[in-house]
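Each chain is listed here by its residues.
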Amino acid sequence: MEDLAIFLFKSLTGWLVIQVCFTLVFIWYLRSSKKYLLPDDQLPKTAVILCLRGADPFLPRCLRSLLNQNYPQYDLKLIVDSHEDPAWKIASETITEQEAANVQISSLRIVRNNCSLKCSSLIQAIRELDDSYKVVALVDADTIVHVNWLRELVSPLADAKVGATTGNRWYVPTGRYWGSLVRYVGNVSTVVQMFIFQIPWGGTLAVKTEVLRQTELLDKWGQALGEDFMMHDILKKHGFQIKFVPSLLIVNREETDLFNLIDYLKRLILYSRLYHPRWLALVSEAVSSILFPTLLIILVLESLLEAKWEVAALLLGCYGVYTAGLLLIMLVLELEIQRVVRSNDQAIAKLSAATIIRMLIGIPLTQWVYGLAMLSSLWISTVTWRGVSYRVQGPWNVRLVEYRPYQWLDQPIDSKVSL
């Protein structure tokens, strides 16, 4: 047992050092990056595409923020799953309220059987664009953007080497559900990993239309479950970079319970296994951050049962140091992100002592929930998202199993819960 304990301690210490290094690189990038904004006459005409199925909790706010961008030439293209969808009524009312002229709302006309509904909607919207649009920006309904969002997203594309730009979402740790807290804790490391591996986020993503043509990305989307993770390898193959823009870290205040979170995580893990360019690195991370701490706790319990008090104290101390290190990383990152989002006039709650204690409790809970989700995902070949089922037999072998329009009755009872 002693040898195993030493091995686990060294492994956890090594993994903690790696996480600290990744975090410091990320923070250095956040602090050293300067906003680069093109003047109006150099900004290309852009189409902002939002695909909707179901009325997301903050959809009206999302739409209002998109319709009031500080950008000279852009049009908002809404693709709603069907006229019956509750999102259609909300979108129509918001457009009328804003008296917006630069927006077009359409229903999804062709439900493709060999890709996700979102990919079907993206393909429809992009193929209807004329040649005047030089950039396509993608956004999700859980994204409430600031007024310079589009300008900050498009400006770096002036660099010929940059084929796409992206931001990321940042959940708040002050939710009322434990699922919300676990999602927050897990997302802290996800944001850093996506930066390190240059993985774009489809919720805030801009691509040059010429890059879409050169890379034949639409053909890939026509066979896929998702649109963003695959882009790293495809763009890299054609010599393009993906640039992460720190000011496009978007605060997300949606809630989720543990049951719904596990379903979401199983889909995310399957999606990562299919398209993430560094999937084996994610598996190694899971072993280090989930399996090893769990084994350490098991050894603590075993030592206590065998009355080996000194060994139990030593093991518990090792686990405490590791957990405290993770908490410190989270707190440092939270403060850095708060600095970024406040500079864009995004309100975010300050950390309280009670929230910090919940974050500490949330660390082992996150390890166990993610471990359960990862094990459960090993056997799934069918995923369900917002009432739509897909059978997945490979990254380019996706089949729509069951489709029906989204209804008002499908909406969660709690209006702040993610769909």
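Thresholds applied
- Residues numbered from 1 in each chain as written.
- Predicted model: local features only at pLDDT ≥ 70, side-chain atom pairs only at ≥ 80, totals over all residues.
- Heavy atoms only, no water.
- UniProt positions renumbered as here; feature names shortened; annotations may be inferred.
- Phe/Tyr/Trp six-rings, centres within 6.5 Å; stacked < 30°, edge-to-face > 60°.
- Lys NZ or Arg CZ within 6 Å of the ring centre and 35° of its normal.
- Helix = DSSP H or I, 4+ residues; strand = E, 2+ residues; numbered from the N terminus.
- Core = buried A, V, L, I, M, F, W, Y, C linked by side-chain atoms within 4.5 Å.
- Buried < 20%, exposed > 50% of the residue type's maximum accessible area, 1.4 Å probe, protein only.
- Contact = heavy atoms within 4.5 Å.
- Polar contact = N/O pair within 3.5 Å; in protein donor to acceptor, adjacent residues only side chain to side chain.
- Right-handed = clockwise from strand over helix to strand, strands pointing away.
- Pairing = 2+ DSSP bridges.

As annotated in an unreviewed UniProt entry, the protein carries the name Glycosyltransferase family 2 protein and comes from Nostoc flagelliforme FACHB-838. Per UniProt, the protein has the following entry under Subcellular location (unreviewed entry): "Membrane".

Some remarks on the packing of aromatic side chains
With the rule as written, the count across this model stands at 11 aromatic pairs. Ring pairs connect the aromatic residues Phe26, Tyr29, Phe195 and Phe244, which therefore count as one cluster. Seen from the ring of Trp396, Lys220 lies directly overhead, with NZ or CZ sitting 4.4 Å from the centre.

What to know about the UniProt feature "transmembrane region" (unreviewed entry) in the protein
Under the UniProt annotation, "transmembrane region" (unreviewed entry) lies at residues 12-30, 279-301, 313-335 and 356-380. For residues 12-30, the helix share is 100%, the strand share is 0%, and the end-to-end C-alpha distance is 27 Å. Each end of residues 313-335 is marked by a C-alpha atom, and these two atoms are 32 Å apart; helix forms 100% of the span and strand 0%.

A word on the nonpolar core
Side chains of nonpolar character tend, in soluble globular proteins, to be buried together. With 84 residues, the main nonpolar core has Leu50, Trp149, Trp221 and Met231 as its most contacted residues. In contact with Trp221, not counting residues within four places along its chain, are Cys115, Cys119, Leu122, Ile123, Ile126, Leu138, Leu212, Gly226, Glu227, Met230 and Met231. Counting residues in hydrophobic clusters, the runner-up holds 42 residues, among them Leu30, Val251, Val300 and Leu333.

So, unusual backbone geometry
At Glu99, a position not held by glycine, the phi torsion is positive, near 50 degrees. As for its placement among the helices and strands, Glu99 is situated in the loop between helix H3 (86-98) and strand S3 (103-107). Classification of Glu99 by relative accessible area gives exposed; the value is 71%. Backbone geometry at Arg386 places phi at a positive 50 degrees, although glycine is not the residue there. By the element assignment, Arg386 lies in the loop between strand S8 (382-385) and strand S9 (388-394).

Comments concerning the side chain of Glu255
Inspection of the secondary structure assignment puts Glu255 in the loop between strand S7 (241-252) and helix H10 (258-275). Within the local environment of Glu255, its side chain forms a polar contact with the backbone nitrogen of Arg176, the two atoms lying 3.0 Å apart. A distance of 2.5 Å separates the side chain of Glu255 from the side chain of Ser180, its partner in a polar contact. Not counting residues within four places of it along the chain, the set of residues in contact with Glu255 comprises Gly175, Arg176, Tyr177, Ser180, Arg183, Lys416, Val417 and Ser418.

Regarding the pairing of strand S2 (residues 74-80)
Within S2, 7 of the 7 residues are buried, which leaves the element mostly enclosed by the surrounding structure. Judged by which residues are buried, S2 turns out to be covered on both faces: Tyr74, Leu76, Leu78 and Val80 on one side and Asp75, Lys77 and Ile79 on the other are all buried. Handedness of the crossover is the feature at issue here: the chain leaves strand S1 (residues 46-52), passes through helix H2 (residues 59-66), returns alongside S2, and the resulting connection is right-handed. Summarising the sheet, S2 and S3 pair through 5 bridges and their orientation is parallel. Each residue of the ladder has a partner; that of Lys77, found in S3, is Gln104. Each parallel crossover has a hand, and for S2 linked through H3 to S3 it is right-handed.

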